[in-house]
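Chain and residue survey
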Amino acid sequence: MVLTGAQFRLVLLALVGGGALGVVAAWLVARPLRRDLRRLRDVTRGVADGHLDVTTGIARRDEVGDLAEAVDRMVEQLAGLERSRERDDEARRQLFIAIGHDLRTPLASLQAAAEALQDGVSPDPHRYLRSMTGDVRLLRGMVDDLFVLAQLEAGALHLERLPLDLAELVDGAVEASAPIARRRGLHVQADLDGGVPVVGDARALDRVLRNLLDNAIRHAPEGTRVEVRVRGDARGCTVTVRDQGPGFPADFEPRAFDRFARADASRTRAAGGAGLGLAIARELLEAHGGSIWLGDVEGTAGPAAGGVVSFRLPRADGRDGGAR
């Protein structure tokens, strides 16, 4: 078929018009694609430079949109990891500050006593030696606490879970704490509810009890009583340690189980401890599937109720309804 001149011009015009429309359409499609690709490039470069507050802002229903969503999700996860790292760095900084503060007092006391004995100027050498022994005991206790916390954090603390009678363990801890309490004019007593079978590590649970008793004895007024009450039920057992001191300030409760937390931040180590006892107790109890909180079972602790700390462990078969 042979086209006439008019027909040829019409076909040529149609081809040119179609090509032009194709070019325009391709440009219109490619323009937002290029813009989004540039945005992806800028975001990835920003992330590489450490800027984790950027997003692509791309909303497409194609492969580029899927890529943009993945990039945004990656940036969000990186930002979360960065925040976690900053929290860890701050916690580590506070840890070093607290350790330095808590080591300074007993070390200074040891140095002063040693120099007095060395120079022969101590009026009562035996009293100085007793003081040095107490400081060494404090330092050893703090090192032991830090070692236990490091093992717990690393998941390297081996717990030997065996059937045991928690009431018997409480009775032993109370008996061991009685001499220290008597020196402070205190009476420690156990209120037991028969045998309370649990499965756990005897040394770890004994450490929990001794930490709580030590904390109660330090803060109980002279001439008062520290009581350890044990109650078992079908779901588990609850242990409550109560002293007749002033109790915990309201602003201390949210951080009571944080490491190096003290109800009175101005206390020295000798007077108030390093603030590790409750933190260690929580870590060890959680490793046993238990829990710990301030207050008694009914949650009625307050300024008039004294210092009250309770913890709960599941019963020997591992089932616990979680009630406090």
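Residues numbered from 1 in each chain as written. Predicted model: local features only at pLDDT ≥ 70, side-chain atom pairs only at ≥ 80, totals over all residues. Heavy atoms only, no water.

Regarding the overall build of the chain
Keep this limit in mind: For the purposes of this entry, the term helix denotes a DSSP run of H or I that reaches at least four residues, the term strand denotes a run of E that reaches at least two, and both are numbered from the N terminus. The criterion used for residue contact is that any of the two residues' heavy atoms lie within 4.5 Å. In this description, accessible areas are obtained by the Shrake-Rupley approach with a 1.4 Å probe, and a residue is regarded as covered only by the protein chains that are shown.
Looking only at helices and strands, the chain features 7 helices and 7 strands. Helices and strands appear in the chain in the N-to-C order α-α-α-β-α-β-β-α-β-β-α-α-β-β. Restricting the contact set of the chain to residue pairs at least 6 apart, pairs at least 24 apart contribute 68%. Here the chain displays about 19,500 Å² of accessible surface, and carbon together with sulfur accounts for 55% of that area.

What about the environment of Thr240?
In this fold, Thr240 is placed in strand β5 (residues 236-242). Remark: the alpha-carbon pair of Thr240 and Val228, spanning 12 residues in sequence, is separated by 5.6 Å.

So, helix α7 (residues 277-287)
For clarity, the threshold we go by: Relative accessibility under 20% of the residue-type maximum defines a buried residue, over 50% an exposed one, and the middle range a partly exposed one, all with a 1.4 Å probe and only protein chains included.
Buried within α7 are the following residues: Leu278, Ala279, Ile280, Ala281, Glu283, Leu284 and Leu285. Next to the buried residues of α7 lie α3 (125-154), α5 (202-219), β6 (291-294) and β7 (308-314). Gly289 lies just past α7 and shows a positive phi near 80 degrees.

Structural notes on the sheet that holds β7
This is how the line gets drawn: Note on pairing: two strands pair once DSSP finds at least 2 bridges between them. Note on geometry: axes are lines fitted to C-alpha atoms, helical ones only across the stretch in contact, with angles between N-to-C directions running from 0 to 180 degrees.
Sheet architecture is open: 5 strands sit in the order β2-β4-β5-β7-β6, paired in mixed fashion. Pairing within the sheet leaves two strands with one partner each, and these edge strands are β2 (187-191) and β6. Ignoring strand direction, the axes of neighbouring strands in this sheet form an average angle of 15 degrees. The pairing of β2 with strand β4 (residues 225-232) spans 5 bridges and is classified as parallel. Bridge pairing in β4 links His187 to Arg225. In the packing of helix α4 (residues 166-183) onto the sheet, contacts are made with β2, β4, β5 and β7, and the angle to β2 comes to roughly 170 degrees. Docked against the sheet, α5 engages β2, β4, β5, β6 and β7, running at close to 170 degrees with respect to β7.

Describing the nonpolar core
The following threshold applies: The nonpolar core is taken to be a set of buried Ala, Val, Leu, Ile, Met, Phe, Trp, Tyr and Cys residues, with the residues joined through side-chain atoms within 4.5 Å.
Residues Leu166, Leu212, Leu213, Val226, Ile292 and Phe311 are the most contacted members of the largest nonpolar core, which totals 44 residues. Those elements that place two or more of their residues in this core are α3, α4, α5, β4, β5, α7, β6 and β7. In terms of residue count, the dominant contributor to this core is α5 (8 residues). Those residues within four positions of Leu166 in sequence are excluded, and the remaining contacts are Val196, Val198, Cys237, Val239 and Leu313. Counting residues in each nonpolar core, the second largest holds 8 residues, with Val47, Ile58, Ala68 and Val75 among its members.

Remarks on the pattern of salt bridges
What counts, and what does not: Salt bridge, as applied in this entry: a Lys or Arg side-chain nitrogen positioned within 4 Å of an Asp or Glu carboxyl oxygen.
Throughout the structure, instances matching the rule amount to 8 salt bridges. The partner of Arg85 in a salt bridge is Glu82, and the shortest N-O contact between them spans 2.5 Å. Residue Arg85 and its partner Glu82 are located together in helix α2 (residues 63-119), separated by 3 residues, close to a single helical turn. The residue Asp89 makes a salt bridge to Arg85 at a minimum N-O spacing of 2.6 Å. You can see Asp89 and its partner Arg85 sitting in helix α2, 4 residues apart, about one turn around the helix. Classification of Arg85 as partly exposed rests on a relative accessible area of 40%. Here the salt bridges do not stand alone but share partners, grouping Glu82, Arg85 and Asp89 into one network.

Some thoughts on a nonpolar patch on the surface
Counted only if it meets this: Residues forming no salt bridge and having over 30% relative accessible area are the ones grouped into patches, like charges within 9 Å of each other and nonpolar side chains (Val, Leu, Ile, Met, Phe, Trp, Tyr) within 5 Å.
A cluster of nonpolar residues, Met74, Leu78 and Leu81, forms a patch on the protein surface that exposes about 270 Å² of accessible area. Among the structural elements, Leu81 can be located in helix α2. Judged by relative accessible area, Leu81 falls into the exposed class, the value being 59%.

Some words on the confidence of the model for the chain
Filter applied, for reference: What pLDDT expresses is the predictor's confidence in each residue, scored from 0 to 100.
In this model, the chain carries a mean pLDDT of 78, and residues with pLDDT of at least 70 account for 81%. Counted against residues more than four places away or in other chains, residues 318-324, with its pLDDT under 50, gives 14 contacts.

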